[in-house]
Amino acid sequence: MSQEVKKMQEENLDKGKEKPIPKFEFHSIPETRTAPFTENFNFAEGLALSEPGGFVLTPEFGRHVDEFINFKIRKDDAWVVTFPKCGTTWTQEMVWMLINNCDAELAKQKPLTVRAPFLEVTRVENMESAPPEMTTFMPSVEVIDKMHSPRVIKSHLPFFLLPSNLLDTCKVVYVARNPKDVIVSFYHHHKLMKMQGFSGGSLENFADFFMKDQVIFCPYFPHILDAWAKRTHPNLLFIFYEDMKKNLRGEVEKVASFLGKPLTEENMTKLLEHLKFENISKNESVNFEIGKKIGFMNQDGAFMRKGKTGDWKNHFSPELNRRIDAWVESNLAETDLRFEMELEQQD
Ligand SMILES: Nc1ncnc2c1ncn2[C@@H]1O[C@H](COP(=O)(O)OS(=O)(=O)O)[C@@H](OP(=O)(O)O)[C@H]1O
């Protein structure tokens, strides 16, 4: 890592801190992680260089980290920043709709990945070797740079790897979700995405890697606690997936008012219908089913999987749950951040 990046990390971490959080150290997943993934890919071996407290990126992301940090922000951008599986896509679609007058017909014309692109996923160099469909499906940083304003941009990077002027320049919605449901959702994501190479592993196995901070975009707690510490910044809106499940209207109102995009009652009704799990999971511009056609997703499973709070109860053994509880407790001991995890959500 360059000295410059290290300095920026430290400066960014120092800003807006209310409670001490662990210092990040940047580690990229070693090259072996990008070797052809197979059923027998050894997850532990592939992640051998990641250490507790390290922030895990692919070598591809690692190579471009300076570019992310130096990305040019515009004051009319709206960013959705999250740890993976926290309700990113749901919130991206909400933010895009709010900014675009709730025009569902316009939304259908292009995939969400094009309308509200993912900052760090696709680089120009790998787009050249990607199938043609992929190049329209996923823009690169260079493409995002040329997008018309107002842009909606998604990132899973923690704030210290994003431009240091992000919060002082534009609005950012940060969404958090309880760690137990994130583990379950991320486990299924790893099984669904061919590139994650985890099709053979068990949930327990995955949960252990997650708690040891050895999964892409981990560590989970420092990511979320850093945003929590910044939550009083006027340009940051910190919301919870569980609140969106309980009272979507209330959260839409919050986001709309934060973005300065008040809704008519008619548009609110349309938007709430549009964002319902049963509708979003059938909406081809949002549901990622295209990944199965292009071939980067396995045929079994779905990106829009269950959309519930408390699904972890269907997956964790009592023993695994005890270990996760202890891990959660130790990570939250010094903070006032709390999650709803017990909610049995009915649609
Ligand atoms: N409308 C709506 N209502 C409720 N839940 C929803 C909705 N849209 C997406 N989801 C659920 O969000 C999970 C995917 O999270 P992300 O979008 O953050 O994934 S990613 O990080 O961008 O890959 C994933 O959660 P799980 O179903 O628990 O796996 C999605 O189903």
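Here, every reference points to the structure presented above.
These numbers were taken from a predicted model, which means no experiment stands behind them.

## Overview of the pairing of strand E5 (residues 171-176)
Step number 1: Buried residues dominate E5, accounting for five of its six residues.
Step number 2: One ladder, built from five bridges, connects strand E3 (residues 78-82) with E5; its direction is parallel. What sits directly across from alanine 78, in E5, is lysine 171.

## Describing unusual backbone geometry
Trans peptide bonds make up most of the peptide bonds, and negative phi angles are found at most residues other than glycine.
Step number 1: Here the residue pair serine 149 and proline 150 is connected by a cis peptide bond, since its omega of -5 degrees sits within 30 degrees of zero.
Step number 2: Mapped onto the elements, proline 150 comes out in the loop between helix H10 (141-146) and strand E4 (152-155).
Step number 3: Residue cysteine 218 is joined to proline 219 through a cis peptide bond whose omega torsion reads 10 degrees.
Step number 4: Secondary-structure assignment places proline 219 in the loop between helix H13 (203-211) and helix H14 (220-229).
Step number 5: Of note in this structure, asparagine 101 is not a glycine but carries a positive phi near 55 degrees.
Step number 6: Here asparagine 101 shows up in the loop between helix H5 (88-99) and helix H6 (104-109).

## Points about the packing of helix H12 (residues 179-192) against helix H20 (residues 318-332)
Step number 1: For the pair H12 and H20, the least separation of the axes is 11 Å and the interaxial angle reads 125 degrees. Classified by the angle between their axes, H12 and H20 sit oblique to one another. Each of Pro179, Lys180 and Ile183 in H12 lies in contact with H20, whose residues at this interface are Asn321, Ile324, Asp325, Trp327 and Val328.
Step number 2: Its residues assigned to classes, the contact of H12 with H20 shows five nonpolar, one polar and two charged.

## Section: the site of the ligand
Step number 1: The full set close to the ligand counts 23 residues, and Thr88, Thr89, Ser185, Lys306 and Gly307 are the nearest of them.
Step number 2: The contact in question runs from an oxygen atom of the ligand to an N or O atom on the side chain of threonine 88, over 2.4 Å.
Step number 3: Threonine 89 places a polar side-chain atom, nitrogen or oxygen, 2.5 Å from an oxygen atom of the ligand.
Step number 4: Protein contact buries 98% of the 640 Å² of open area that the ligand shows by itself.
Step number 5: Within the residue set of the shell around the ligand, elements represented by two or more residues are H5, H12, helix H15 (241-246) and helix H18 (277-280).
Step number 6: The element best represented in the shell around the ligand is H5, accounting for three residues.
Step number 7: In terms of residue class, the shell around the ligand is built from nine nonpolar, seven polar and seven charged.

Conventions and cut-offs
- Residues numbered from 1 in each chain as written.
- Predicted model: local features only at pLDDT ≥ 70, side-chain atom pairs only at ≥ 80, totals over all residues.
- Heavy atoms only, no water.
- Buried < 20%, exposed > 50% of the residue type's maximum accessible area, 1.4 Å probe, protein only.
- Helix = DSSP H or I, 4+ residues; strand = E, 2+ residues; numbered from the N terminus.
- Pairing = 2+ DSSP bridges.
- Axes fitted to C-alpha atoms, helices over the stretch in contact; angles between N-to-C directions.
- Parallel < 35°, antiparallel > 145°, perpendicular 65-115°, else oblique.
- Contact = heavy atoms within 4.5 Å.
- Nonpolar A, V, L, I, M, F, W, Y, C, P; charged D, E, K, R; others polar.
- Near = heavy atom within 4 Å.
- Polar contact = N/O pair within 3.5 Å; in protein donor to acceptor, adjacent residues only side chain to side chain.
- Areas by Shrake-Rupley, 256 points an atom, 1.4 Å probe, with all protein chains shown as cover.

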